Amino acid sequence: MCGIFAYAGPRDVVEVLLTALKRLQYRGYDSCGIAVLDGDELMVVKEAGPIDRLEKRLTQYTFQARAGIAHTRWATHGQPTTVNAHPHTDCSGTVAVVHNGVIENYRELSQRLTERGHILRSQTDTELIAHLIEEALSEQSRTEDVPNEQVFLQSVRQALSQISGTYAIACLWEGAPGLMIGARHGCPLIVGAGEQEVCLSSDLNAVLPITRKVHILNDDELVLLSEKNLIIVSVTGQELSPRFQVIDWQLVQEDRAGFPTFMLKEIYEQPDRIEEILSQRCRGEQIPFFEELTLRPSELIGFRRIIIEAAGTSWHAGIYGKYLLEKYLRLPTEAEIASEFRYRQPVLEQDTLVIAISQSGETADTLAGLRQAKSRFVRVLGFCNVPGSTLSRESDGTIFLLAGPEVGVASTKAYTAQLIHLFLFTLYLGRLRWILDEDQIRSILSSLSGLPEKMRVVLESHDPIVRDCARRFQNARHFLYLARGINYPTALEGALKLKEISYIHASGYAAGEFKHGPIALVDKDCPVVCIAPTDSVYEKTFSNIEEVRARGGRLIVVTTEGNSDFDQMAEFVFTIPPIFEDLTPLLTVLPLQLLAHHIASLKGLDVDKPRNLAKSVTVE
Ligand code: F6R
């Protein structure tokens, strides 16, 4: 959730830290701070609120620093205040720590530290780590032949051995100028090794502007970093060889390419992304192929059941996947909310394949579901956007989503990339299992050819009318979204997009379920968004929409071009070009993304950084 960055090298350290924080701010944005070693003096500057406030404060200082750590926060323990912002220091102010994750034995540790005379200034769990390191430092016998860097490393190891929970940390100590230590257990941390400079971050996006040569820390590894040194050790103190890899990933564009928000830019990127995915995966109209997939075809043939587990938008994509896998492969498939899947006692047998879907690859619940499956010797296939993420490293095989970096907190292009990959994967598996023959696959693939262009048409032709609709309904108190069949997840996704960025309550329902209760909500002030392309369940959806109209609901309809059924009924009609039924969700979701975006903008809200949310949810 929060973002960590640390740097040692010849550049202007404060500037490097601030630039990195700006790249990381989508991971958390309620407060931020930096600590630098100015000569051998530790200096900490932090602020509640956005990074520009910190940037302004930093203009009052001139530091001569060669190393520093930085953090942007999404509050877990304690309010988003300046005192709770990271970095946190010990009593003497000589150790500084930034941290992602949650310390579960927080109460016990804070009581113990207080009894031993430590004064805790914040309400955070992170501060405890600084005090634990301080204690360990004072316990270490410092003899002339033990260099300070070893004392520091040993102290951090000792502190971490007392913690239960999850962490990625970076820390500095006055006694070891120019040196930083990082460690991870359950939260991502990536080491970048440049020429005479090193960095450490929770996020690849902040490392790549410094270097593409990275080592991705495993759980229970520590790293000791300085301009000249990079040493990886296990939590037991054993030195390990770094496993460097060169990452070839497009950098997040720092600007919005002329769009007012990253979200809008990402909505408009979708046709190009889908075009790129199709060209990489199908090369013309070939059977889809996933080069990176390390699960062997022989393994994929044997499964008799599939469980998809994911959270939020990725779970909605999972429901789409369920519909396709059951329809085409006749394989029993469930789409589970990861936070439920991990805690109930699911039946997991070895003829089951678990598919874990995650844009970030760091969602705590999805990772826990993955680990649960693996602990029962069940194979896990990840669908993930971020290379090097925990999900991609822990799955038995990964299909990368190729959406490119997504910055807007509300997921848009990652969602359509998930849909198209689930569609292609279904065809791939159908071929592998001899359920679909080549002719059937080619005929289905031919329907994909115009998809990117149709997405462009929907986006470009709808923008003005969606803006009108947004103006009319911006003050509505709640919205309902209805759909059937393959577009049921579109209803859930449309509602989620609206509520997360505009703070208007919205719920998505299967249209057939609506009259079993939710229809009581319909009145003359209630906009009801109905997703009704002219597909195999159209007649049924149409009857449900009539029921809504009969109760005075205000209709906004997404349907297929040429369908005039709603001309007199609906206040707004958004149309999609005709397309193969199972691909309609890639088009119907587009006006709904735009609607959510435009309503939130009209309300003057920060679309890219909605309140209380963060891009990657690394706590449960
Ligand atoms: C909604 C949204 C979230 C994420 C969810 C899972 O727009 O972004 O609901 O989809 O937090 O995140 P990932 O896909 O990273 O596991």
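Residues numbered from 1 in each chain as written. Predicted model: local features only at pLDDT ≥ 70, side-chain atom pairs only at ≥ 80, totals over all residues. Heavy atoms only, no water.

Attention now goes to the site of the ligand. Looking at the ligand, there are 15 residues lining it, with Ser314, Ser358, Ser360, Thr363 and Glu500 nearest. Between Gln359 and the ligand, the recorded distance is 2.7 Å, taken from a backbone N or O atom to an oxygen atom. The separation between an oxygen atom of the ligand and a polar main-chain atom of Val409 is 3.3 Å. Taken together, the elements giving at least two residues each to the shell around the ligand come down to α9 (312–329) and α16 (488–502). Class assignment of the residues belonging to the shell around the ligand gives a composition of five nonpolar, eight polar and two charged. For the shell around the ligand, the domains that each give at least three residues are domain 2 (257–449) and domain 3 (452–620). (Near = heavy atom within 4 Å. Polar contact = N/O pair within 3.5 Å; in protein donor to acceptor, adjacent residues only side chain to side chain. Helix = DSSP H or I, 4+ residues; strand = E, 2+ residues; numbered from the N terminus. Nonpolar A, V, L, I, M, F, W, Y, C, P; charged D, E, K, R; others polar. Domains from an automatic or database assignment.)

Attention shifts here to the sheet that holds strand β4 (residues 65–73). Spatially, eight strands are ordered β3-β2-β4-β1-β10-β9-β11-β15 in an open sheet, and the strand pairing comes out antiparallel. The two strands at the open ends of the sheet, each matched to only one other strand, are β3 (41–48) and β15 (244–246). Direction aside, neighbouring strands of the sheet carry axes that sit 20° apart on average. Both strand β2 (residues 31–38) and β4 contribute to a ladder of seven bridges, which runs antiparallel. (Pairing = 2+ DSSP bridges. Axes fitted to C-alpha atoms, helices over the stretch in contact; angles between N-to-C directions.)

This brings us to the environment of Pro346. Here Pro346 shows up in the loop between α10 (338–341) and β18 (352–358). Placed 199 residues apart in sequence, Pro346 and Pro147 show a C-alpha to C-alpha distance of 51 Å. The contact partners of Pro346, leaving out residues within four places of it in the chain, are Phe341, Gln372 and Arg376. (Contact = heavy atoms within 4.5 Å.)

In this section: the nonpolar core. Counting 88 residues, the largest nonpolar core has Ile355, Ile420, Leu424, Phe479 and Tyr481 as its most contacted members. Both domains that furnish three or more residues to this core are identified here as domain 2 (257–449) and domain 3 (452–620). Leaving out residues up to four positions away in the same chain, Phe479 has contacts with Phe473, Leu498, Ile504, His505, Ala506, Ser507, Pro527, Val529, Ile556, Leu595 and Ile599. One finds Ile51, Leu58, Ala70 and Val207 within the second-largest nonpolar core, a separate group that totals 32 residues. (Core = buried A, V, L, I, M, F, W, Y, C linked by side-chain atoms within 4.5 Å. Buried < 20%, exposed > 50% of the residue type's maximum accessible area, 1.4 Å probe, protein only.)

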